Amino acid sequence: MTECLFCKIIEKTIPSTIIYEDSEILVFNDIKPCAEVHFLLIPKRHITNMLQLTESDAELMGLLMLKANQLAIAQGLGNGYKTLINTGVNGGQEVYHLHVHVFGNK
Ligand code: AMP
Ligand code: ZN
């Protein structure tokens, strides 16, 4: 069994507020929002962080960014929003499953 918190969220053994899901991506609200809207996009395939990326992840990363924008607009952030990807120890990463933060106020 996986020890990864976000893999458990994907497996739904840990609850989350899911706002989008397809075969490759899961998107759910951050449990400690830092703005009115704050959600996380993750690949369903476990990738630890940006340091692990290879050429073969290019399409998946593109899909994550396009979905980030689409959902930000759908959640009322059409005037703009912030994105953040914390990577590794020096990047302040707390959960070691690659995730894109999207947050902002309406
Ligand atoms: P970081 O790894 O620094 O980018 O931060 C991890 C993020 O995951 C933080 O913003 C946490 O609030 C969030 N987080 C941690 N546990 C959960 C959870 N069970 N459900 C949703 N978000 C979470
Ligand atoms: Zn994982």
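Rules and cut-offs
- Residues numbered from 1 in each chain as written.
- Chains lettered and ligands numbered in written order.
- Predicted model: local features only at pLDDT ≥ 70, side-chain atom pairs only at ≥ 80, totals over all residues.
- Heavy atoms only, no water.
- Pairing = 2+ DSSP bridges.
- Helix = DSSP H or I, 4+ residues; strand = E, 2+ residues; numbered from the N terminus.
- Axes fitted to C-alpha atoms, helices over the stretch in contact; angles between N-to-C directions.
- Donors = N, O, S within 2.8 Å, 3.2 Å for Na, K, Ca; no water.
- Tetrahedral: all angles 85-135°; square planar, octahedral: opposite > 155°, others 65-115°.
- Buried < 20%, exposed > 50% of the residue type's maximum accessible area, 1.4 Å probe, protein only.
- Phe/Tyr/Trp six-rings, centres within 6.5 Å; stacked < 30°, edge-to-face > 60°.

Asker: Would you explain the sheet that holds strand 1 (residues 18–21) in this entry?
Answerer: Two strands in a sheet stick together by hydrogen bonds in their backbones, pointing the same way (parallel) or opposite ways (antiparallel). As summarised here, the arrangement of the five strands in space is 1-2-3-5-4, forming an open sheet in which the pairing is antiparallel. Single-partner strands in this sheet number two, and they are strand 1 and strand 4 (82–84). Across the sheet, the mean angle separating the axes of adjacent strands is 20 degrees when strand polarity is ignored. For strand 1 and strand 2 (residues 25–29), the ladder comprises three bridges, and the chain directions are antiparallel. Of the residues in strand 2, the one forming a bridge with Ile 18 is Phe 28.

Asker: Is there a simple way to think about the coordination of the zinc ion (ligand 2) in this case?
Answerer: Each pair of donors in an ideal octahedron of six around a metal sits at 90 or 180 degrees, and each pair in an ideal tetrahedron of four sits at 109.5 degrees. Coordination of the zinc ion (ligand 2) by the protein comes from Cys 4 (SG), Cys 7 (SG), His 46 (ND1) and His 97 (ND1), over a distance range of 2.1 to 2.3 Å. The coordination sphere of the zinc ion (ligand 2) comprises four donor atoms, whose angles at the metal cover 101 to 118 degrees; the geometry is tetrahedral. Within one chain, the residues donating to the zinc ion (ligand 2) are spaced in sequence as C-x2-C-x38-H-x50-H. Placement of Cys 4 in the segment before helix 1 (5–11) and of His 97 in the loop between strand 4 and strand 5 (100–104) is noted, with a sequence separation of 93 residues between them. No difference in accessibility class separates Cys 4 from His 97, as the two residues are buried.

Asker: Where do I start with the packing of aromatic side chains in this structure?
Answerer: The relation between two aromatic rings is expressed through the spacing of the ring centres and the mutual angle of the planes. Applying the stated criterion to the full structure yields one aromatic pair. Measuring from ring centre to ring centre gives 5.3 Å for Phe 6 and Phe 28, while their planes differ by 80 degrees; the resulting arrangement is edge-to-face. Taken together, the residues span a long stretch of sequence, with Phe 6 in helix 1 and Phe 28 in strand 2 at a distance of 22 residues. By the burial criterion, Phe 6 is buried, and Phe 28 matches it.

Just distances and angles here, no functional claims.
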